[in-house]
Amino acid sequence: MTAVNRVQPADPADAVAHFAARLAFETDVSDVHTDLEAGVPGLVVVDSRSRESWDQGHVPGALHLPTAEIAARAGAEVPLSSVVVTYCWGPGCNGATRAAHEFAKLGYRVKEMIGGFEYWAREGLPVERADGVSRGAVDLLVAPAGMACAC
């Protein structure tokens, strides 16, 4: 028995269902960036972090809507026909999951941006602050410099 096969891989049909379900609930920073750049209608990206975190930098065009305020504000600020993408700090934080849960309870179609703001910034994508939009250096451990990963 090998380490990989200690638990046998799932039946292919079960694997298809599992991975399709994951893709229905999650998206990544590269795909969000691509759709924002293309101006895809009906996409609303929501930063669920605190005001202090938002001020340190956020995804350009995102809506700042902390999780505790979603139930009270979403109906007035986010059309129900939207596809909502939530994000928080990063993979070590479940704030985006909690925010996505709140949107789903209100009847929204929602996905969580895996990697969160941490991977957005690490991939060298634009970051907005009060003084404007800038890009940091690409962290070569998470993204190839100057090109898309093409995955």
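Data block above holds the structure.
An account of the accompanying structure is given in this report. (Residues numbered from 1 in each chain as written. Predicted model: local features only at pLDDT ≥ 70, side-chain atom pairs only at ≥ 80, totals over all residues. Heavy atoms only, no water.)

### Here's the deal with the overall build of the chain
For the record, the criterion: Starting at the N terminus, helices and strands are each numbered in turn, a helix being any DSSP run of H or I of at least four residues and a strand any DSSP run of E of at least two. With a 1.4 Å probe rolled over the protein chains alone, any residue whose accessible area is under 20% of its type maximum counts as buried; one over 50% counts as exposed, and the rest are partly exposed. Residues count as neighbours in contact if any of their non-hydrogen atoms are within 4.5 Å of one another. Using a 1.4 Å probe, accessible areas were evaluated by the Shrake-Rupley method; residue-level cover was limited to the displayed protein chains. We treat Lys and Arg as the positive residues and Asp and Glu as the negative residues; His and chain ends play no part in the count. Think of each charge as sitting on NZ of Lys, CZ of Arg, CG of Asp or CD of Glu.
For the chain, the count of helices and strands is six helices and seven strands. In the chain, the succession of helices and strands from N to C terminus is α-β-α-β-α-β-α-β-α-β-α-β-β. Referenced to the eigenvectors of the C-alpha coordinate spread, the extents of the chain come out at roughly 55 × 40 × 30 Å. Buried positions account for 33% of the 151 residues belonging to the chain. Pairs at least 24 residues apart make up 63% of the contacts formed inside the chain by residues separated by at least 6 positions. In the form shown here, the chain has an accessible surface area of approximately 9000 Å², with 59% of it arising from carbon and sulfur atoms. Averaging the locations of the 12 positively and 19 negatively charged side chains of the chain gives two centres separated by 3 Å.

### Observations regarding the packing of aromatic side chains
Here is the rule: Aromatic pairing here means that ring centres of Phe, Tyr or Trp (its six-membered ring) are within 6.5 Å. Orientation follows from the plane angle: under 30 degrees is stacked, over 60 is edge-to-face, and everything else is tilted.
All chains considered together, the criterion is met by three aromatic pairs. Ring plane angle 25° and centroid distance 6.3 Å describe the contact between Tyr-87 and Phe-117, whose orientation is recorded as stacked. Taken together, the positions of Tyr-87 in strand β4 (residues 83-87) and Phe-117 in helix α6 (residues 116-122) put the pair 30 residues apart, joining distant regions of the chain. For Tyr-87, a relative accessible area of 0% translates into the label buried. A relative accessible area of 7% places Phe-117 in the buried class. Here Phe-103 and Tyr-108 contribute two aromatic rings whose centre-to-centre distance is 5.2 Å and whose plane-to-plane angle is 85°, an arrangement assigned as edge-to-face. Of the two residues, Phe-103 and Tyr-108, both sit in the buried class.

### Points about the environment of Lys-111
Assignment of secondary structure puts Lys-111 in strand β5 (residues 109-114). Classification of Lys-111 as partly exposed rests on a relative accessible area of 26%. Spatially, the C-alpha atoms of Lys-111 and Val-85 are 4.9 Å apart, while their sequence positions differ by 26 residues. In contact with Lys-111, other than residues within four places in its own chain, are Leu-23, Ala-24, Phe-25, Glu-26, Thr-27, Val-84, Val-85 and Thr-86.

### Overview of the state of the cysteines
Selection criterion: In this description, a disulfide is simply a cysteine sulfur pair whose atoms lie within 2.5 Å.
A complete count under the given rule lists zero disulfides for this structure. No disulfide involves Cys-93; its sulfur sits 3.3 Å from the nearest other cysteine sulfur, which is in Cys-88.

### Remarks on the side chain of His-58
Definition in use: Polar contacts here mean pairs of N or O atoms no more than 3.5 Å apart (in protein, one a potential hydrogen donor and the other a potential acceptor; neighbouring residues in sequence count only if both atoms are side-chain atoms).
Residue position: His-58 is located in the loop between α3 (51-56) and β3 (63-64). A relative accessible area of 7% means that His-58 is categorised as buried. Within the structure, His-58 has its side chain in polar contact with the backbone oxygen of Trp-54 (distance 3.0 Å). Contact partners of His-58, with chain neighbours within four places excluded, come to Asp-47, Arg-49, Tyr-87, Phe-117, Pro-126, Val-127 and Glu-128.

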